[in-house]
Amino acid sequence: MLISFRFKNVLSFYNETTLSMEATKDKTLEGLNTFCPNDNRPLSQKSDLVKSVLIFGPNASGKSNILKALNFMKFFVLDSSSSSLDKPINSNRPFAFYETASCEDSLYEVEIVEGSKYYRYGFTLNRGKVVSEWLDSVEERKKSLFKREGNHVYINKPSSRKIDFVSLSETSLFLSIGFSFSSPISEDIFNVIRWFQKLTIISTDKANSLSLYKASKEYTKKALDILERANIGIKDMQVKEVKLTDDISNLNDFLYQNSNRGDINSPQLLRDDMGRYDLDLMTSYDVYDSKETHNIVNKKDIPLYTNPSFNSKGTENLLNVLGYIIDALDKGNPIFIDEFDSSINFLLACYLISMFNSLDTNPKNAQLIATVQNASLMDRGLRRDQIYFTEKDNDGVTSLYSLSDFKDVRKSETYSKKFLAGFYTRLPNLKRGI
């Protein structure tokens, strides 16, 4: 689970910024929208965590950059030791509108719980090099497990000792290779890597959860239950392998329709016979004999991608992201979703969020962090510490803050009304010049 994500000099975030999942002392919806993490910290040192956070803000205010920053951190942790010519560290993007920013450190740090242990892990980068790196945990009190300065690593368990790794590249993280050494902290390093492996970060219009439906009939069943509640009309669905024809025009059409699905769990398959396959989702609808008698006489199967004109964009987005939501709830993992409510009905978006803020549908305390556009969502069963805002100043610097940071905000207020009136963040003046 995620406690906090701290970052600095990354994309539009020049100043040090923290996205915190720690609950305030507010008792609203306590135990429903919040939970106490099960880890090795003393009770006096930990706060309850919230199960969901929604991030609101105008277009181009930097909401998506939060997810991009964490996605880079995940990518760098898992792939920094890659031998490819295009080094993962080159994907780091310091703030663009101050010339000095390219020479300043970029900071990435997470506080997490994994394997019932608390960890604080982070690193700083500067001009294509790893400047520093650290991993802390708790044994009666907070303690450093390792600390890196340049290419020198200090392991502090069971006794402090300095280890010089001659082969430790200045473009790679010690975390990425440390578990391969026989070390007293190998298990801790593996725990942190495993947390990043389980972390899901997706964009609604680029997600594709077909491989999850294919792997689990239970996920398909749960998805169908949600679709029935949403009254979308889909009665059944099944993932099928579709062979791409040798007709180059048909092949190009199919690949174009699927080109924006993103690279998460890429569904394309290759077979030994060199035939080219992809996955498609066969959605089924009831066919009736007439409007008057309304008897079901047949079933119509519609492929989601090879016949994109039938299902709406909202239905496609929902089916693409729903498998990841079900997977996160099933495993108790954190999930970040960009443009969560894109083309999705307001009431359905409310229902999906409520699944995380629930004891019944979220017994493992999965966490949802999502960027959204519909301000009305902030009025639907959220605590003030679950509502965040982004704002960009005249220099293009994004700030992130919570509704709980504001004083004198009454629980009875309609948050969306004050937000749209510009009380919480600066909104664009669309009437200017009219």
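Residue positions are given per chain, counting from 1 as you read along its sequence in written order. Per-residue local features are limited, in this predicted model, to residues with pLDDT of at least 70; the limit for side-chain atom pairs, both in listing and counting, is 80 or more; totals at the level of whole chains, interfaces and linings are taken over all residues. In computing side-chain properties, one takes all heavy atoms of the structure into account and sets aside hydrogens as well as water.

**Q** Explain the side chain of Asp188 to me, and be specific about the residues and the numbers.
**A** Under the DSSP-based scheme used, a helix requires at least four consecutive residues in state H or I and a strand at least two consecutive residues in state E, with every element numbered from the N terminus. Within the element layout of this structure, Asp188 appears in helix α3 (residues 186-198). Polar side-chain contacts of Asp188 include one of 3.1 Å to the side chain of Lys117. Two N or O atoms count as a polar contact when they lie within 3.5 Å, although within protein this holds only if one can serve as hydrogen donor and the other as acceptor, and sequence-adjacent residues are included solely when both atoms are side-chain atoms.

**Q** Could you give an account of the nonpolar core, naming the residues involved and the relevant values?
**A** Counting residues in hydrophobic clusters, the biggest one holds 57 residues, and the most contacted among them are Phe56, Leu322, Ile337, Phe340, Leu352 and Phe389. The leading source of residues in this core is helix α7 (residues 313-331), at nine residues. Whether two residues are in contact is decided by their heavy atoms: any pair within 4.5 Å suffices. Apart from residues no more than four positions distant in its own chain, Phe389 is found in contact with Phe56, Met378, Ser399, Leu400, Tyr401, Leu403, Phe406, Phe419, Tyr424 and Thr425. Formed by 50 residues, the second largest nonpolar core is a distinct cluster that contains Leu2, Phe5, Val50 and Leu400. By nonpolar core is meant a set of buried Ala, Val, Leu, Ile, Met, Phe, Trp, Tyr and Cys residues that side-chain atoms within 4.5 Å join together. Note on exposure labels: buried denotes an accessible area under 20% of the residue type's maximum, exposed denotes more than 50%, and partly exposed covers the range between, all computed with a 1.4 Å probe on protein chains only.

**Q** Any chance you could break down unusual backbone geometry for me, citing the residues and the numbers?
**A** At His294, a position not held by glycine, the phi torsion is positive, near 60 degrees. In this fold, His294 is placed in the loop between β15 (276-288) and β16 (296-303). Take His294: its relative accessible area is 46%, and that puts it in the partly exposed class. A positive phi angle, close to 60 degrees, is found at Asp408, a residue other than glycine.

**Q** For the pairing of strand β10 (residues 152-155), give the residues involved together with the corresponding values.
**A** With burial as the criterion, only one face of β10 is covered, namely that bearing Val153 and Ile155; the residues His152 and Tyr154 on the opposite face remain uncovered. As paired elements, strand β9 (residues 141-149) and β10 share four bridges and run antiparallel to each other. Its bridge partner being in β10, Glu149 is matched across the sheet by His152. Two successive antiparallel strands, β9 and β10, enclose a turn made up of two residues, where Gly150 displays a positive phi of approximately 65 degrees. Two strands make a pair as long as DSSP finds a minimum of two bridges between them.

**Q** Summarise the environment of Ala230; cite the residues concerned and give the values.
**A** Position of Ala230 among the secondary structure elements: in the loop between α5 (217-229) and β13 (236-244). Residue Ala230 is classed as partly exposed on the basis of its relative accessible area of 29%. In the structure, Ala230 is positioned 118 residues away from Leu348 in sequence and 6.4 Å away in space, judged by C-alpha atoms.

**Q** Before we move on, could you go through the packing of aromatic side chains and cite the residues and values that matter?
**A** Each pair of aromatic rings is reported with the distance of its centres and the angle of its planes. Pairing of aromatic rings covers Phe, Tyr and Trp, the last counted by its six-membered ring, and requires centre-to-centre distances within 6.5 Å; plane angles under 30 degrees mean stacked, over 60 mean edge-to-face, and any other angle means tilted. Tallying each qualifying case throughout the model produces 22 aromatic pairs. Between Phe72 and Phe76, the aromatic rings sit 5.6 Å apart at their centres with planes inclined by 15 degrees, giving stacked as the arrangement. One end of the pair, Phe72, and the other, Phe76, are both in helix α1 (residues 63-79), four residues apart, so they sit about a helical turn from each other. The pair Phe72 / Phe76 is uniform in exposure class, with both members buried. One aromatic cluster in this structure is built from Phe56, Phe389, Tyr401, Phe406, Phe419 and Tyr424.

**Q** Help me get a handle on the side chain of Thr171, residues and values and all.
**A** As for its placement among the helices and strands, Thr171 is situated in the loop between β11 (161-164) and α2 (174-178). Polar contacts involving the side chain of Thr171 include one to the side chain of Ser169, which spans 2.9 Å. Among all residues touching Thr171, those that are not within four sequence positions of it are Phe76, Ser80, Lys87, Ile89, Gly128 and Val130.

**Q** Before we move on, can you summarise a nonpolar patch on the surface with the specific residues and values?
**A** Think of a patch as exposed residues, more than 30% relative accessible area, with no salt bridge, where like charges cluster within 9 Å and nonpolar side chains (Val, Leu, Ile, Met, Phe, Trp, Tyr) cluster within 5 Å. Areas reported here follow the Shrake-Rupley algorithm with a probe of radius 1.4 Å; residue values treat only the protein chains shown as occluding. By definition here, a salt bridge exists when the distance from a side-chain nitrogen of Lys or Arg to a carboxyl oxygen of Asp or Glu is within 4 Å. A contiguous nonpolar patch, built from Leu29, Leu32 and Leu359 and spanning about 240 Å² of accessible area, is present on the exposed surface. Take Leu359: it is sitting in the loop between α8 (346-356) and β18 (367-371). Taking the relative accessible area as the measure of exposure, Leu359 reaches 53% and is therefore exposed.

**Q** How would you explain the pairing of strand β17 (residues 334-338) if you had to name every residue and give the values?
**A** Among the five residues that make up β17, five are buried, leaving the element largely enclosed by the rest of the structure. The side-chain alternation of β17 yields two buried faces, one formed by Pro334, Phe336 and Asp338 and the other by Ile335 and Ile337. As paired elements, strand β12 (residues 200-203) and β17 share four bridges and run parallel to each other. Within β17, the residue paired with Ile201 across the bridge is Phe336. Summarising the sheet, β17 and β18 pair through four bridges and their orientation is parallel. What sits directly across from Ile335, in β18, is Leu368. When the strands point away from the viewer, a crossover counts as right-handed if the route from the first strand across the helix to the second turns clockwise. Note that the unit made of β17, α8 and β18 has a crossover that is right-handed.

**Q** Outline the environment of Lys217, listing residues and values.
**A** Within the secondary structure layout, Lys217 lies in helix α5. Lys217 gets classed as exposed once you look at its relative accessible area, which sits at 78%. For the pair Lys217 and Gln238, spaced 21 residues apart in sequence, the C-alpha to C-alpha distance is 9.2 Å.

**Q** Explain the pattern of salt bridges to me, and be specific about the residues and the numbers.
**A** Going through the model one piece at a time under the given rule, you end up with 20 salt bridges. Lys46 is the salt-bridge partner of Asp39, the closest N and O atoms lying 3.8 Å from each other. When its relative accessible area of 9% is taken as the criterion, Asp39 is described as buried. The buried category is assigned to Lys46, whose relative accessible area is 14%. In this structure, the salt-bridge partner of Glu413 is Lys418, at a minimum N-O distance of 3.7 Å. Residue classification places Glu413 among the buried residues on the basis of a relative accessible area of 14%. Residue Lys418 is classed as partly exposed on the basis of its relative accessible area of 24%. Salt bridges sharing common partners tie together Arg6, Glu16, Glu109, Arg120 and Asp136.

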